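Descriptive structure summary
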Amino acid sequence: MAGAKDVVGSWGALTREELADEVDHLVKNRDARSREVWALVRRDQVLAARVRGVLAGLRSEARGTRDEAMRLVWINQASQALNAPEPVEVRPVAAARASVATPEAEPEIVLSPPPQAVPRQASAVPAVFFQAP
């Protein structure tokens, strides 16, 4: 079985029909390998645009079939995986400060605790309920 990088690398040379077959097969699989492929496709803007077009075509082909609901769910999941934002790398504060040239360049920000909610006093006016005539 070819690796995800090999699959994505070969997709660039495929015709639209061949790419549609490959994407349809990947949409139906929905396994860890397919998630890895979607992440790799997402990094290549041109290939991602071609795959989005193929997914739109698959969506229109699914309309009116007996498996329409399930196929649309799978296609939507693939679209979400393709359009998901890249995870942001979070560095610890110590590493971030070590990367700054001068230690006094960035002052430390101290947030005050949120204000405590003041309990409301019970109203001396009784509640009024309206009834329909």
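If you're wondering where the values come from, they're calculated on a predicted model, not measured in any experiment.

Parameters at a glance
Residues numbered from 1 in each chain as written. Predicted model: local features only at pLDDT ≥ 70, side-chain atom pairs only at ≥ 80, totals over all residues. Heavy atoms only, no water. Helix = DSSP H or I, 4+ residues; strand = E, 2+ residues; numbered from the N terminus. Buried < 20%, exposed > 50% of the residue type's maximum accessible area, 1.4 Å probe, protein only. Contact = heavy atoms within 4.5 Å. Axes fitted to C-alpha atoms, helices over the stretch in contact; angles between N-to-C directions. Parallel < 35°, antiparallel > 145°, perpendicular 65-115°, else oblique. Left-handed = near helix turned anticlockwise from the far one by under 90°. Expected span 1.5 Å × (residues − 1). Core = buried A, V, L, I, M, F, W, Y, C linked by side-chain atoms within 4.5 Å. pLDDT = per-residue confidence, 0-100.

What about the overall build of the protein?
What the protein contains, in helices and strands, is 6 helices and 0 strands. Scanning the protein from its N terminus toward the C terminus, one meets helices and strands in the order α-α-α-α-α-α. Counting only residues that meet the buried cut, the protein has 23% of its 133 residues in that class. Within the protein, contacts between residues separated by at least 24 positions form 64% of all contacts whose residues are at least 6 apart in sequence.

With respect to the environment of Ala20
Relative to the assigned elements, Ala20 resides in helix α2 (residues 16-29). For the pair Ala20 and Val54, spaced 34 residues apart in sequence, the C-alpha to C-alpha distance is 5.6 Å.

Side note on the environment of Ala39
By the element assignment, Ala39 lies in helix α3 (residues 32-43). C-alpha of Ala39 to C-alpha of Ala4: the two residues are 35 residues apart in sequence and 9.5 Å apart in space.

Digging into the packing of helix α1 (residues 4-11) against α3
Relative to each other, α1 and α3 sit at 50 degrees, their axes nearing to 9 Å. Here α3 runs oblique to α1, going by the angle between their axes. Note on packing geometry: the crossing formed by α1 with α3 is right-handed. Where α1 approaches α3, its residues Ala4, Lys5, Val7, Val8 and Trp11 are matched on the opposing element by Arg33, Glu36, Val37, Leu40 and Val41.

Focus: α3
Helix length check: α3 (12 residues) gives 17 Å between terminal C-alpha atoms against 16 Å at 1.5 Å per residue, within 8%. Taken together, the buried positions of α3 are Ser34, Val37, Trp38, Ala39, Leu40, Val41 and Arg42. Looking at the buried side of α3, the elements it contacts are α1, α2, α4 (45-62) and α5 (68-83).

Section: unusual backbone geometry
Its identity is not glycine, yet Arg30 carries a phi of approximately 55 degrees, on the positive side. Locating Arg30 in the fold gives a position in the loop between α2 and α3.

Comments concerning the nonpolar core
Ranked by internal contacts, the top residues of the largest apolar core, which has 22 residues, are Trp11, Val23, Val27, Trp38, Val41, Val51 and Leu55. For this core, the secondary structure elements donating two or more residues are α1, α2, α3, α4 and α5. Here this core gets 6 residues from one element, more than from any other, and that element is α4. Those residues in contact with Trp11 that sit more than four places away from it in its chain are Leu19, Glu22, Val23, Leu26, Val37, Val41, Leu47, Arg50 and Val51.

A look at the confidence of the model for the protein
Overall, the predicted model of the protein reaches an average pLDDT of 80, with 81% of residues at or above 70. The lowest-confidence element of the protein is helix α6 (residues 93-99), averaging 60 in pLDDT; the highest-confidence one is α4, averaging 91.

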